There are 2 protein chains.
Amino acid sequence: MTIESTPAPATIEEVAAAAGVSRSTVSRVVNGSTSVSPAALDAVRSAIERLNYVPNRAARSLASRQTHAIALVVPEDTTRFFGDPFFAAIVSGINARISRSDYVLNLFIASDDAGDKTTSYVRSGAVDGAIVVSHHTSDTFIERIAAAVPVVYGGRPVRERERDHYVDVDNLAGGRAATQYLIDRGHRRIATITGPRTMPAGVDRLEGYHEALAAAGLPEGAVEDGGFTADGGAAAMRRILAAGDRPDAIFVASDLMARGALSVLAAAGLRVPEDVAIIGFDDSPVATSVFPSLTTMRQPSFAQGERMADMLLELLAGRDAERITILETELVVRDSA
Amino acid sequence: MTIESTPAPATIEEVAAAAGVSRSTVSRVVNGSTSVSPAALDAVRSAIERLNYVPNRAARSLASRQTHAIALVVPEDTTRFFGDPFFAAIVSGINARISRSDYVLNLFIASDDAGDKTTSYVRSGAVDGAIVVSHHTSDTFIERIAAAVPVVYGGRPVRERERDHYVDVDNLAGGRAATQYLIDRGHRRIATITGPRTMPAGVDRLEGYHEALAAAGLPEGAVEDGGFTADGGAAAMRRILAAGDRPDAIFVASDLMARGALSVLAAAGLRVPEDVAIIGFDDSPVATSVFPSLTTMRQPSFAQGERMADMLLELLAGRDAERITILETELVVRDSA
DNA sequence: ATGAAAGCGCTAACAA
DNA sequence: TTGTTAGCGCTTTCAT
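Keep in mind that this is a model prediction, so the values were computed, not measured.

1. With respect to the side chain of Asn106 of chain A
- Along the chain, Asn106 of chain A turns up in strand β2 (residues 104-109).
- Separated by 2.8 Å, the side chains of Asn106 of chain A and Tyr121 of chain A make a polar contact.
- Beyond its immediate sequence surroundings of up to four residues, Asn106 of chain A is in contact with Ala69, Ile70, Ala71, Leu72, Tyr121 and Val127 of chain A together with Asn106 and Tyr121 of chain B.

2. As for the UniProt feature "domain: HTH cro/C1-type" (unreviewed entry) in chain A
- Feature annotation in UniProt places "domain: HTH cro/C1-type" (unreviewed entry) on residues 11-54 of chain A, given in this structure's numbering.
- Here residues 11-54 of chain A is 68% helix and 0% strand, with 8 Å between the C-alpha atoms at its ends.

3. Digging into the protein's contact with DNA strand D
- The local shell around DNA strand D holds 26 residues, among which Arg28, Ser37 and Arg65 of chain A together with Ile12 and Tyr53 of chain B are the closest.
- Of all DNA strand D atoms lying within 4 Å of any protein atom, the proportion belonging to sugar or phosphate reaches 58%.
- Note that a phosphate oxygen of DNA strand D is positioned 2.9 Å from one of the side-chain N or O atoms of Thr25 of chain A.
- Take Arg23 of chain B: an N or O atom from its side chain is 3.0 Å from a base nitrogen of DNA strand D.
- Counting residues per element, the ones that place at least two in the surface near DNA strand D are α2 (23-30) and α4 (57-64) of chain A together with α2 (23-30) and α4 (57-64) of chain B.
- Per-class residue counts for the surface near DNA strand D are 10 nonpolar, 11 polar and 5 charged.

4. Comments concerning the packing of aromatic side chains
- Considering all chains together, one arrives at 13 aromatic pairs over all chains under this definition.
- Both rings, one in Phe81 of chain A and one in Phe87 of chain A, keep their centres 5.7 Å apart while their planes meet at 45°; by these two values the pair is tilted. With respect to burial, Phe81 of chain A and Phe87 of chain A carry one shared label: buried.
- Aromatic side chains Phe82 of chain A and Phe81 of chain B sit 5.7 Å apart centroid to centroid with 70° between the ring planes, which places their arrangement in the edge-to-face category. Here the residue Phe82 of chain A occupies a position in helix α5 (residues 78-83), and Phe81 of chain B occupies one in helix α5 (residues 78-83), the pair thus bridging two chains.
- Note on Phe82 of chain A: relative accessible area 11%, which makes it buried.
- Look at Phe81 of chain B and you get buried, because its relative accessible area is 0%.

5. Considering the pattern of salt bridges
- Inspection of every chain in the model, using the stated rule, returns 34 salt bridges over all chains.
- Linking Arg334 of chain A and Asp283 of chain A is a salt bridge whose minimum nitrogen-to-oxygen distance equals 2.9 Å. On the criterion of sequence distance, the pair formed by Arg334 of chain A in the segment after β12 (330-332) and Asp283 of chain A in the loop between β9 (277-282) and α13 (286-289) is long-range, its members being 51 residues apart.
- For Arg156 of chain B, the salt bridge is made with Asp204 of chain B, and the minimal N-O distance between the two is 2.7 Å. With Arg156 of chain B in the loop between β4 (151-154) and β5 (165-169) and Asp204 of chain B in helix α10 (residues 200-215), this pair connects stretches of sequence that are 48 residues apart.
- Judged by relative accessible area, Arg156 of chain B falls into the partly exposed class, the value being 24%.
- Taking relative accessible area as the criterion, Asp204 of chain B reaches 14% and is therefore assigned buried.
- The network of salt bridges with common partners includes Asp283, Arg298, Glu330 and Arg334 of chain A.

6. Side note on the interface of chain B and chain A
- Listed as interface residues are 51 residues of chain B and, on the opposing side, 51 residues of chain A.
- Carbon and sulfur atoms supply 58% of the area buried between chain B and chain A, which totals about 4,300 Å² over both sides.
- Between the two partners, chain B and chain A, sit 0 salt bridges.
- Along the contact surface separating chain B from chain A lie 14 residue pairs in polar contact (both at pLDDT 80 or more).
- Elements that contribute at least two residues to the side of chain B that touches chain A include exactly α4, α5, α6 (85-99), β2 (104-109), α7 (116-123), α8 (141-148) and α14 (301-316) of chain B.
- At 7 residues, the largest contribution of residues to the side of chain B that touches chain A is made by α6 of chain B.
- Of the residues in the side of chain B that touches chain A, the class split is 28 nonpolar, 15 polar and 8 charged.

7. Focus on the packing of α2 of chain A against helix α3 (residues 38-51) of chain A
Residues and elements named next belong to chain A.
- In the contact formed by α2 and α3, the axes pass within 10 Å of each other and the chain directions differ by 85°. With respect to α3, the element α2 is oriented roughly perpendicular. For the pair formed by α2 and α3, the contact residues are Thr25, Val26, Val29 and Val30 on the first element and Ala40, Leu41, Val44, Arg45 and Ile48 on the second.
- Looking at the contact of α2 with α3 residue by residue, the classes come out as 7 nonpolar, 1 polar and 1 charged.

8. Considering the UniProt feature "domain: HTH lacI-type" (unreviewed entry) in chain A
- The UniProt record marks residues 10-64 of chain A with the feature "domain: HTH lacI-type" (unreviewed entry), using the residue numbering of this structure.
- Summarising residues 10-64 of chain A: 69% helix, 0% strand, and an end-to-end C-alpha distance of 20 Å.

9. A closer look at the domain arrangement of chain A
- For chain A, the domain assignment lists domain 1 (12-55), domain 2 (66-169 + 301-330) and domain 3 (171-298).
- Using C-alpha coordinates to define each centre, domain 1 of chain A is positioned 36 Å away from domain 2 of chain A.

10. Quick look at the protein's contact with DNA strand C
- Of all residues adjacent to DNA strand C, which total 27 residues, the nearest are Ile12 and Tyr53 of chain A together with Arg28, Ser37 and Arg65 of chain B.
- Restricting the count to atoms of DNA strand C within 4 Å of the protein gives a sugar and phosphate share of 61%.
- Within the contact set of DNA strand C, a phosphate oxygen lies 2.3 Å away from a backbone nitrogen or oxygen of Ile12 of chain A.
- Contact distances for DNA strand C include 3.2 Å between a base nitrogen and a backbone N or O atom of Ala59 of chain A.
- Of all the elements in the fold, those that place two or more residues in the surface near DNA strand C are α2 and α4 of chain A together with α2 and α4 of chain B.
- Tallied by class, the residues present in the surface near DNA strand C amount to 10 nonpolar, 11 polar and 6 charged.

11. What about the sheet that holds strand β8 (residues 249-252) of chain B?
All names here are of chain B.
- Read across the open sheet, the 6 strands follow the order β7-β6-β8-β9-β10-β12; overall the sheet is mixed. Taken across any chain shown, the strands that pair with only one partner, and hence form the sheet edges, are β7 (223-225) and β12 (330-332). The average undirected angle you get between the axes of adjacent strands in this sheet is 20°.
- Of the strands in this sheet, β6 (190-194), β8, β9 (277-282) and β10 (295-298) are in contact with helix α12 (residues 255-267), which crosses β9 at around 155°.

12. Structural notes on the relation of the copies chain B and chain A
- For the pair chain B and chain A, the relating rotation is 180°, the translation along its axis is 0.1 Å, and the fit reaches an RMSD of 0.1 Å. Look at the turn and shift together and you get a two-fold axis relating the two.
- Interface residue correspondence from chain B to chain A reaches 100%, placing this contact among same-surface, isologous pairings.

13. Considering the sheet that holds strand β4 (residues 151-154) of chain A
All names here are of chain A.
- In space, the 6 strands of this open sheet follow the order β2-β1-β3-β4-β5-β11, with parallel pairing throughout. Two strands bound the open sheet, and with one partner strand each, they are β2 and β11 (324-327). Here the average twist between neighbouring strands, direction ignored, is 15°.
- Its contacts with the sheet place helix α14 (residues 301-316) against β1 (69-74), β3 (129-132), β4, β5 (165-169) and β11, and it is angled at close to 165° to β5.

14. What to know about the confidence of the model for chain A
- On average, residues of chain A score 94 in pLDDT, and 97% of them are at 70 or above.
- Note on residues 1-5 of chain A: pLDDT under 50 across the span, and 16 contacts to partners over four residues away in sequence or across chains.

Here is what the cut-offs are and how they apply
- Residues numbered from 1 in each chain as written.
- Chains lettered and ligands numbered in written order.
- Predicted model: local features only at pLDDT ≥ 70, side-chain atom pairs only at ≥ 80, totals over all residues.
- Heavy atoms only, no water.
- Helix = DSSP H or I, 4+ residues; strand = E, 2+ residues; numbered from the N terminus.
- Polar contact = N/O pair within 3.5 Å; in protein donor to acceptor, adjacent residues only side chain to side chain.
- Contact = heavy atoms within 4.5 Å.
- UniProt positions renumbered as here; feature names shortened; annotations may be inferred.
- Near = heavy atom within 4 Å.
- Nonpolar A, V, L, I, M, F, W, Y, C, P; charged D, E, K, R; others polar.
- Phe/Tyr/Trp six-rings, centres within 6.5 Å; stacked < 30°, edge-to-face > 60°.
- Buried < 20%, exposed > 50% of the residue type's maximum accessible area, 1.4 Å probe, protein only.
- Salt bridge = Lys/Arg side-chain N within 4 Å of Asp/Glu carboxyl O.
- Buried area = accessible area lost by both parts, 1.4 Å probe.
- Axes fitted to C-alpha atoms, helices over the stretch in contact; angles between N-to-C directions.
- Parallel < 35°, antiparallel > 145°, perpendicular 65-115°, else oblique.
- Domains from an automatic or database assignment.
- Pairing = 2+ DSSP bridges.
- Least-squares fit on C-alpha atoms with pLDDT ≥ 70 in both.
- pLDDT = per-residue confidence, 0-100.

As structure tokens, this is what we get:
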């Protein structure tokens, strides 16, 4: 069979006729204008009910130049998107906030199409604004999106401009605190497994590591990029072990990478934390699902998502919005360090 | 600051003027009509390039009564959506297929808003069709969606109708094969942890379990609902142990539930597979991330997603589409049974 | 191969 | 408070 034919949906014209009023009055009722008489209000409402009327979105947005839709742009592939609990948390936060509004969310897992479809979608006026969740130096299409609609970034933008809005976690302080904790526990040969240097979160956490070490007058340890994935973390761990001169502690810039590192350590017969102490970053569900459970820096990803949505909603309402929000991290001590 | 003002995007009218042709000709070029002279084609193309023109989606869809958008409806909460690798696989498949088309995907994690926003979005003509990924007896809003646009279901619909299109896995045969494997290995007291009975996948796998047992002349074992979550699986496992009369094998209808069951078994000091053999369902990444690794029924979720998207695209193209596709499962033997 | 003209269903001044 | 009147930017007959 082919497409089933459903009766054409009622139009505003039909509702107006049924209610014995003009299109404008129906429009007013639909859009919640106050200047409608109780009688008209009733008539229109019942006509809407009776005809099962739903305003046509295209027509509405063509006339009003608003779509009441927001693009959620994730410049990652689906594997990373679904594989990293960080996205689950932040998207849940965004979704929770948007659900309470009358906006809808259009998700773009955008690395798959190199961003082109996403860009023209946004530029075609299909959304009123965009939230960009994770982005890399190479994601230049983001700039064309930002030129078309208001954007709120998750994390400090790659090339920050004066008017960028974003919600970030204090990655610098987080990296510093994590490293400091290891120092305080008496460790002296401290390595780090970093996120990609093309991402601000990767850069900032590494910078925090450097600062803590410098402040304590300690030498820099091995620095390996784990790409924010479990496999990358495992590979980085292997490189560190292969280099000899084993560290006695490692600051791993995400829990997922820490999981990878942990498995390599276990395979190498090294005990955590006795031989090598590990501290992660995120406090995502993986932190408690590995053995030993991870000491880690908690970051409030759900709240970050909510705040991002909040910020964009403010912007779209034409209200002044705080341009930057920085959320704090918090040390969570468990068994790995 | 408030919304930044970007120059109003170029309209078809402006492109037409710049190219020295009529709106119609520009429209023809944009929509790939053949009846355009090479000269006009060139002029229009360069004007489009020059003016950075992107057609307005609302206007286009209002005039053409097509949106080139597809709703992906997931009647689950975000926790389950991100927590179950099954969704990762099926959504990846859908996304992969849609990416290759000129449609875009609008994701609705719909249990959060009770489906009302989703329903009116769909009924407002915002999408041409919908893919419904996981649905329960209680999700009645799906029917209103199906009344408005063509729908392809993932899994047999709750209330199947003559004209429903869907892509399912052969859950009946899968449940049967899993149970049969346990029987073949010499197990005689076989319990099962099921998915929700409100979901066809839950019902069908249980039915397969019953059939295999009956065919072998074996009595039915404990049957507990694990709700397709890890926690639910753990709770179900606890109930089975608490009931006494320990089974020697369990067919667990999803890998995630098996993970929960495994942790309870470990805590109870029971060895897998020596004391209790476990077979899962899915062959998702969790199957190899637990100890012992899971013997399980592999289901081709990515392919299922691709096929669903394919089917809907066929329908939207007005072509005849196969109404039902059933994909086979496959036994994967590892360490847990 | 091309253009003119008529809408698609709605919102938003403006008048009344 | 209500209705009238113009569009919003595009597609799509229908002529030519």
